[in-house]
Amino acid sequence: MHKVIKAGWRPLLVIILLFIIWELSSTFFEIPSWLLPAPSEIWQEGVAGWPNYHHHIWSTIQLTVIGFSIGCIVGLMVAIALHLMPRVREAFYPLMILSQNIPIIVLAPLLVIWFGFGMMPKIIVITLVCFFPIAVSAVDGFRQTSQELIHYMKMAGASKGQIFLKLELPHALPSLFSGLKISATYSVMGAVISEWLGANRGIGVYMTLASSSFRTDRVFVAIFMIMILCMLFFLVIISLEKLFIKWRPKGEGNSK
Amino acid sequence: MSQLIVENIRKSFHKKTVLDDISFTVEDGEFVSLLGPSGSGKSTLFHLIGGLYEPDSGDFYLDGKKITGKRGSISYTPQSPSLFPWRTVLKNIMLGSELFGKPDEQEARVMLEKAGLGGYENAYPHQLSGGMRQRVAFVRSLLSPQSFICLDEPFSALDELTRLEMQKWLLAIWGQNRRSVLFITHSIEEAIFLSDRIIVLSSNPATLKREFKIPFPRPREEDILLTEEFLKWKKEIYQELKVLQ
């Protein structure tokens, strides 16, 4: 705990300072609260409005978890397939990158036209934003396996499957976790965007309702909720990383 | 029981001949060193024995069976220890037997104890010193199901003092269960101290130059490093290598 305080006081101080400046300037310049509410107002709304929006949060969390899990599985399977079949990788890698150039905002309404207002188009959107960082990081992790260790395994008589399971897969884990961290935060965004399209619950819905009725304070509550959710997902991934990768020397890629 | 016969091996890469008509034999329980300048294709020879590539011509026989281009017939330790960083020492040394489905944890623990690595079972490679990592790598070779061991300059990255320590350690461990060993080195002293026989290779392309039978009795102590006879051998081999250049 002491360590956390020691490492965390600088960023915390910056954030607190930022809020103080924000609070003071909104009273000092008399900014109307429909334009930019003061942090204190946002806090009040956040506390008082809890019964009105907590079901939205719950719904977004559900959507994110489902979408993220499917995205992970798809991303990992794509990565393994591309890695084990180099020809396929050559053929499909560019397509995979192209898939990320389609603006989600444009694609999302199309998905609603094709799949209706149910879970399906939303999960597709989240999967689409999630799978890419995971697939790319996993493929890179597999490919960067040290040639020396591969030689060793080959000369020791290991089969292709053994080389993959015992060498390439564990070797790719740190890289894979970098991808997971990016995907975890993207997946919350993906969930919120997909809720804009048409849903009856979720932070995205709450946000649209708030902004169309000029409840800027609620918009900010939604923004902070999204940030907190992203942080939570990120923390979950970091704890999983610590659980899975115990062997890493201290100070090397000890991301925080 | 393992005897390796290397027969008329030739190999070239991009029209450049690396190995030219190499033939020799390693008898059962014998410790043979391949001595030659750096870049003389010694490692290539190991890769060929290990089946990583096939020679252009010539064959390898292990106990009379042809193993040319066949992987998994020998136990190999590369120049760097090549330990898996995510495996503990114990898991690392069991890797070789794990590939063939019968890891014996008890045997591995006993072996670690014998190798002076007791207490490090659960350490990760990055927590060990360079010399210790090499020990682990060698114990891994000993525990592999293949009985013929190929060591590729295992001590070249170590400092002089650790090196001597490791050579003594290697001799002690090897003395306990005399496997056939083919050892690559570019250090004359190391070759004399460790081997029963030294094969001198020339470079560009590597050809078999001369063989020396080293008569020092075993077990060997480090005192022999300073004897007249040791120096005589060193001089003779040195001259042979000098002629090559």
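What you see is a predicted model, and the numbers here were worked out from it, not measured in a lab.

Engineer: It is not clear to me how the overall build of chain B should be interpreted in this structure. Could you clarify?
Structural biologist: In terms of helices and strands, chain B carries 8 helices and 10 strands. Taking 2.2 N^0.38 as the reference for a compact globule, 245 residues should give roughly 18 Å; the C-alpha atoms of chain B span a radius of gyration of 18 Å, in line with that estimate. With the C-alpha coordinates aligned to their principal axes, the bounding extent of chain B is approximately 50 × 45 × 30 Å. When burial is assessed residue by residue, chain B has 55% of its 245 residues classed as buried. Looking at chain B alone, contacts between residues at least 24 apart form 68% of all its contacts between residues at least 6 apart. Element-wise, carbon and sulfur atoms account for 49% of the exposed surface of chain B, whose accessible area totals about 10,700 Å².

Engineer: What exactly am I supposed to notice about the domain arrangement of chain A here?
Structural biologist: Residues and elements named next belong to chain A. The domain boundaries assigned to chain A delineate domain 1 (1–30) and domain 2 (36–244). When each unit is reduced to the centre of its C-alpha atoms, the spacing between domain 1 and domain 2 is 29 Å. On the side of domain 2, 8 residues touch domain 1, which itself brings 4 residues to the contact. Overall, the association of domain 1 and domain 2 removes approximately 500 Å² of surface from exposure, summing both partners, and the carbon and sulfur fraction of that is 73%. Contact with domain 2 buries surface across domain 1, with Phe19, Trp22 and Glu23 losing the most and accounting together for 87% of the total. Linking domain 1 with domain 2 are 0 salt bridges. The tally of links between domain 1 and domain 2 comes to 2 residue pairs in polar contact (both at pLDDT 80 or more). Across the side of domain 1 that touches domain 2, the residue classes tally to 2 nonpolar, 1 polar and 1 charged.

Engineer: When you look at the interface of chain A and chain B in this model, what are you seeing that I'm missing?
Structural biologist: In many reports, interface size means the accessible area that the parts give up when they come together. Of the residues lining the interface, 19 residues belong to chain A; the matching set on chain B comes to 25 residues. Considering only the surface of chain A that becomes buried against chain B, Tyr152(A), Met155(A) and Trp247(A) emerge as the three largest contributors, covering 40% of it. Remark: the boundary between chain A and chain B carries 1 salt bridge. In this structure, the salt-bridge partner of Glu98(B) is Lys166(A), at a minimum N-O distance of 2.7 Å. Counting only elements with at least two residues in the side of chain A that touches chain B, the list comes to helix H7 (147–155) and helix H8 (160–196) of chain A. The element best represented in the side of chain A that touches chain B is H7(A), accounting for 7 residues. Its residues placed into classes, the side of chain A that touches chain B shows 10 nonpolar, 4 polar and 5 charged.

Engineer: Explain the packing of aromatic side chains here, please?
Structural biologist: When we look at a pair of aromatic rings, we describe it by the centre distance and by the angle of the planes. Tallied over the full model, the rule gives 18 aromatic pairs over all chains. When the ring of Phe46(B) is compared with that of Tyr76(B), the centres are 6.2 Å apart and the planes differ by 85°; the resulting orientation is edge-to-face. Taken as a pair, Phe46(B) in helix H1 (residues 42–49) and Tyr76(B) in strand E6 (residues 75–77) lie far apart in primary sequence, 30 residues in all. With respect to class, Phe46(B) is no different from Tyr76(B); both count as buried. An aromatic cluster of three or more residues is present, and its members are Phe19(A), Trp22(A), Phe220(A) and Phe224(A). Directly above the ring of Tyr152(A) sits Arg140(B), whose terminal nitrogen or CZ lies 3.8 Å from the centroid.

Engineer: Got a minute to help me understand the UniProt feature "domain: ABC transmembrane type-1" (unreviewed entry) in chain A in this structure?
Structural biologist: UniProt annotation of "domain: ABC transmembrane type-1" (unreviewed entry) refers to residues 57–237 of chain A when read in the numbering used here. A distance of 20 Å separates the end C-alpha atoms of residues 57–237 of chain A, which is 87% helix and 0% strand.

Engineer: How do you make sense of the sheet that holds strand E2 (residues 16–26) of chain B when you look at a structure like this?
Structural biologist: Neighbouring strands of a sheet are bound in pairs by backbone hydrogen bonds; such pairs are parallel or else antiparallel. Residue and element names in this part refer to chain B. Strand order in the open sheet formed by 4 strands is E2-E1-E4-E5, with antiparallel pairing between adjacent strands. Two strands bound the open sheet, and with one partner strand each, they are E2 and strand E5 (65–66). Examined bridge by bridge, strand E4 (residues 57–62) and E5 share 2 bridges and lie antiparallel to one another. Bridging from a neighbouring strand, Leu62 pairs with Lys65 of E5. Of the strands in this sheet, strand E1 (4–13), E2 and E4 are in contact with H1, which crosses E1 at around 115°.

Engineer: Got a minute to help me understand the UniProt feature "transmembrane region" (unreviewed entry) in chain A in this structure?
Structural biologist: All names here are of chain A. What UniProt calls "transmembrane region" (unreviewed entry) maps, in this numbering, to residues 12–36, 56–80, 92–117, 123–142, 176–199 and 219–240. Secondary structure within residues 56–80 divides into 100% helix and 0% strand; the distance between the first and last C-alpha atoms comes to 36 Å. In the segment residues 92–117, helix accounts for 77% and strand for 0%; the C-alpha atoms at its two ends are 30 Å apart.

Engineer: Just to check I follow, could you spell out the nonpolar core for this structure?
Structural biologist: Within soluble globular proteins, side chains that are nonpolar generally end up buried alongside one another. With 94 residues, the main nonpolar core has Leu4(B), Phe24(B), Leu34(B), Ile49(B) and Leu182(B) as its most contacted residues. Sorting elements by how many residues they give to this core places helix H6 (residues 119–143) of chain A first, with 14 residues. Setting aside residues up to four positions removed in sequence, Leu182(B) forms contacts with Leu4(B), Phe24(B), Val26(B), Val32(B), Leu34(B), Phe46(B), Ile49(B), Phe148(B), Ile149(B), Cys150(B) and Leu151(B). In this structure, Met94(B), Ala115(B), Met166(B) and Ile237(B) belong to the second largest nonpolar core, which totals 49 residues.

Engineer: Explanation requested: the domain arrangement of chain B in the structure shown.
Structural biologist: Residue and element names in this part refer to chain B. Parsing chain B into structural domains produces domain 1 (4–74 + 146–244) and domain 2 (82–145). Summarising the inter-unit geometry, the C-alpha centres of domain 1 and domain 2 are found 24 Å apart. The interface is formed by 15 residues belonging to domain 1 together with 14 residues belonging to domain 2. When domain 1 packs against domain 2, the two sides together hide about 1,300 Å² of surface, and 67% of this comes from carbon and sulfur. Of all residues in domain 1, Gln146, Trp169 and Ile173 give up the largest surface area on contact with domain 2, accounting jointly for 41% of the area buried on that side. Between domain 1 and domain 2 we count 0 salt bridges in total. For the pair domain 1 and domain 2, the number of links is 4 residue pairs in polar contact (both at pLDDT 80 or more).

Engineer: Can you help me understand the UniProt feature "domain: ABC transporter" (unreviewed entry) in chain B in this one?
Structural biologist: Per the UniProt annotation, the sites labelled "domain: ABC transporter" (unreviewed entry) are residues 4–228 of chain B. In residues 4–228 of chain B, helix accounts for 30% and strand for 26%; the two terminal C-alpha atoms are 33 Å from one another.

Engineer: What is the right way to read the packing of helix H3 (residues 50–84) of chain A against H8(A) from this model?
Structural biologist: Helix packing for two helices is described by the angle between their axes and how far apart those axes are. Between H3(A) and H8(A), whose axes approach to 8 Å, the crossing angle comes to 145°. For the element pair H3(A) and H8(A), the recorded crossing hand is right-handed.

Engineer: Help me understand the environment of Val181(B), please; the structure alone is not making it clear to me.
Structural biologist: Residue placement: Val181(B) occurs in strand E8 (residues 180–185). Apart from residues lying up to four places away in sequence, Val181(B) is in contact with Val26(B), Glu30(B), Phe31(B), Val32(B), Ile149(B), Leu151(B) and Trp174(B).

Reading guide: rules and limits
Residues numbered from 1 in each chain as written. Chains lettered and ligands numbered in written order. Predicted model: local features only at pLDDT ≥ 70, side-chain atom pairs only at ≥ 80, totals over all residues. Heavy atoms only, no water. Helix = DSSP H or I, 4+ residues; strand = E, 2+ residues; numbered from the N terminus. Rg over C-alpha atoms; globule rule 2.2 N^0.38 Å. Buried < 20%, exposed > 50% of the residue type's maximum accessible area, 1.4 Å probe, protein only. Contact = heavy atoms within 4.5 Å. Areas by Shrake-Rupley, 256 points an atom, 1.4 Å probe, with all protein chains shown as cover. Domains from an automatic or database assignment. Buried area = accessible area lost by both parts, 1.4 Å probe. Salt bridge = Lys/Arg side-chain N within 4 Å of Asp/Glu carboxyl O. Polar contact = N/O pair within 3.5 Å; in protein donor to acceptor, adjacent residues only side chain to side chain. Nonpolar A, V, L, I, M, F, W, Y, C, P; charged D, E, K, R; others polar. Phe/Tyr/Trp six-rings, centres within 6.5 Å; stacked < 30°, edge-to-face > 60°. Lys NZ or Arg CZ within 6 Å of the ring centre and 35° of its normal. UniProt positions renumbered as here; feature names shortened; annotations may be inferred. Pairing = 2+ DSSP bridges. Axes fitted to C-alpha atoms, helices over the stretch in contact; angles between N-to-C directions. Core = buried A, V, L, I, M, F, W, Y, C linked by side-chain atoms within 4.5 Å. Left-handed = near helix turned anticlockwise from the far one by under 90°.

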